[in-house]
Number of protein chains: 2
Amino acid sequence: MNPDDRRVLRTRRLLKKALIELTDDKEYEEITIRDITDHADIGYATFFRHYDGKDDLMLEIFTETIDEIESLPVSHGDRYFEQEGYLLFEHVSENQALYRSILDSQNFTRKFRDHTKKMVQLHIEGHIEHVASPSFPVEIAAQHMVSSLIGLIDWWLANDLVFPIERMAMIYERLIIQGTWHAMDAENSLKLPWEGTD
Amino acid sequence: MNPDDRRVLRTRRLLKKALIELTDDKEYEEITIRDITDHADIGYATFFRHYDGKDDLMLEIFTETIDEIESLPVSHGDRYFEQEGYLLFEHVSENQALYRSILDSQNFTRKFRDHTKKMVQLHIEGHIEHVASPSFPVEIAAQHMVSSLIGLIDWWLANDLVFPIERMAMIYERLIIQGTWHAMDAENSLKLPWEGTD
DNA sequence: TCTTATATGATACATAGTATATCATAAACA
DNA sequence: TGTTTATGATATACTATGTATCATATAAGA
């Protein structure tokens, strides 16, 4: 099977498109391979000439998405994280069906988290010397940031993008970046206002 | 079908026990109903006399777990959140297979999050007057806390409970409670150490 | 453009898992 | 102890996955 053959490229493109589109109507787990091939107008048996199953097709969609995210043009400098957040949520808004389908499948939520975690962890480690005394390992901070980010994207999608991208970028920067950073430094001791009072 | 009949109670108890135990060996999605009935030594057809399917069985396990969590004896007062965290992670360590099975299924991770979110949200709203100027809605703070908590539990389980419960309780209090609280108050302006420098 | 190679569509088929119906038996209830 | 009913075992229908085969359509290369 020559992966550069125009027929092959066409088939794979149509199958990916079909799965993404179908997640608008049905949950990922409920979509059958027959649904995908019917919607793509591709022979049922042809599916298995290209992919091992639904998850394998999703994996290709997923990998291409990760590549896109990694190539987002964040320029270093002032307001770095708000800009990063902006590009991230912009990408989500432009690929809603795709993100819904990824976050719909536990399998790929995990993959998404584990993959992104590595990037985040490297990022934090490059700046760890700024923290006087870290109160927990970097790996936990990375896990926390990624879980929260996925949670925030999920909330935004579930609420039909009620907030504009700018607002989400700001929340991302405050809640996820600053929140984690503040908690990480054990020197920041914060007395919660209601502690000892209820 | 009388739900108080000893035979009924026995069957349901054995089926729940079997599903929880099986998640130690296999992923939730890969477990078949035949696996469950075989392991429980219950007739296959009997399963459907009690549950609509695997998810329905899991829902009962899930509901009972939530009830247990809600009845954890947190005493109000000083170090409230560390204590809350301690009881939470203690419960996780005592019911590892159960938590693994819940977090293994996207369906129930969602249910877990949505259910817990409501509790957390009410909790925050009771103290919102302490925040001078909230920089985002309470609902987002609740979503954030719950997503992070699930992420933290997931990390702990994936790393075979490397940290003692005390340490997890401390991380919970700092990262999730204090981190969120700090970020929520727009008056807290934190200049990140590397901003504008990379 | 013509020939050759190969990807696709259609069909049939094997397999696995879900879900229901039936009836004899065993266990619980009162 | 007699009656009720839940269970076990078996047969069966159904749905979805995955494979094999062959004629046809389409792309690649000379």
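Small disclaimer: the values here were computed from a predicted structure and weren't measured. (Residues numbered from 1 in each chain as written. Chains lettered and ligands numbered in written order. Predicted model: local features only at pLDDT ≥ 70, side-chain atom pairs only at ≥ 80, totals over all residues. Heavy atoms only, no water.)

Peer 1: Can you break down the protein's contact with DNA strand D residue by residue, with the values?
Peer 2: Near DNA strand D lie 25 residues; those nearest to it are Arg 7 of chain A together with Thr 11, Gly 43, Arg 49 and His 50 of chain B. A breakdown of the atoms of DNA strand D within 4 Å of the protein gives sugar and phosphate a share of 62%. At 2.7 Å from a base oxygen of DNA strand D is found a side-chain nitrogen or oxygen belonging to Arg 7 of chain A. One nitrogen or oxygen atom from the side chain of Arg 49 of chain A is found 3.3 Å from a base oxygen belonging to DNA strand D. Every element with two or more residues in the surface near DNA strand D is listed here: helix 1 (6-22), helix 2 (33-40) and helix 3 (44-50) of chain A together with helix 1 (6-22) and helix 3 (44-50) of chain B. Class assignment for the residues of the surface near DNA strand D results in 8 nonpolar, 7 polar and 10 charged. (Near = heavy atom within 4 Å. Polar contact = N/O pair within 3.5 Å; in protein donor to acceptor, adjacent residues only side chain to side chain. Helix = DSSP H or I, 4+ residues; strand = E, 2+ residues; numbered from the N terminus. Nonpolar A, V, L, I, M, F, W, Y, C, P; charged D, E, K, R; others polar.)

Peer 1: Residues and numbers for the domain arrangement of chain A, please.
Peer 2: Bring the parts together and some accessible area is lost; that lost area is often taken as the interface size. Residues and elements named next belong to chain A. Here chain A is partitioned into domain 1 (6-51) and domain 2 (60-184). When each unit is reduced to the centre of its C-alpha atoms, the spacing between domain 1 and domain 2 is 29 Å. With both chains or domains summed, domain 1 and domain 2 bury close to 910 Å², and 57% of this area falls on carbon and sulfur atoms. When the area that domain 1 buries against domain 2 is broken down by residue, the three leading residues are Lys 16, Ile 20 and Tyr 28, summing to 53%. Connecting domain 1 to domain 2 are 3 salt bridges. Residue Glu 60 is joined to Arg 12 by a salt bridge in which the shortest nitrogen-to-oxygen separation is 2.7 Å. Connecting domain 1 to domain 2 are 6 residue pairs in polar contact (both at pLDDT 80 or more). (Domains from an automatic or database assignment. Buried area = accessible area lost by both parts, 1.4 Å probe. Salt bridge = Lys/Arg side-chain N within 4 Å of Asp/Glu carboxyl O.)

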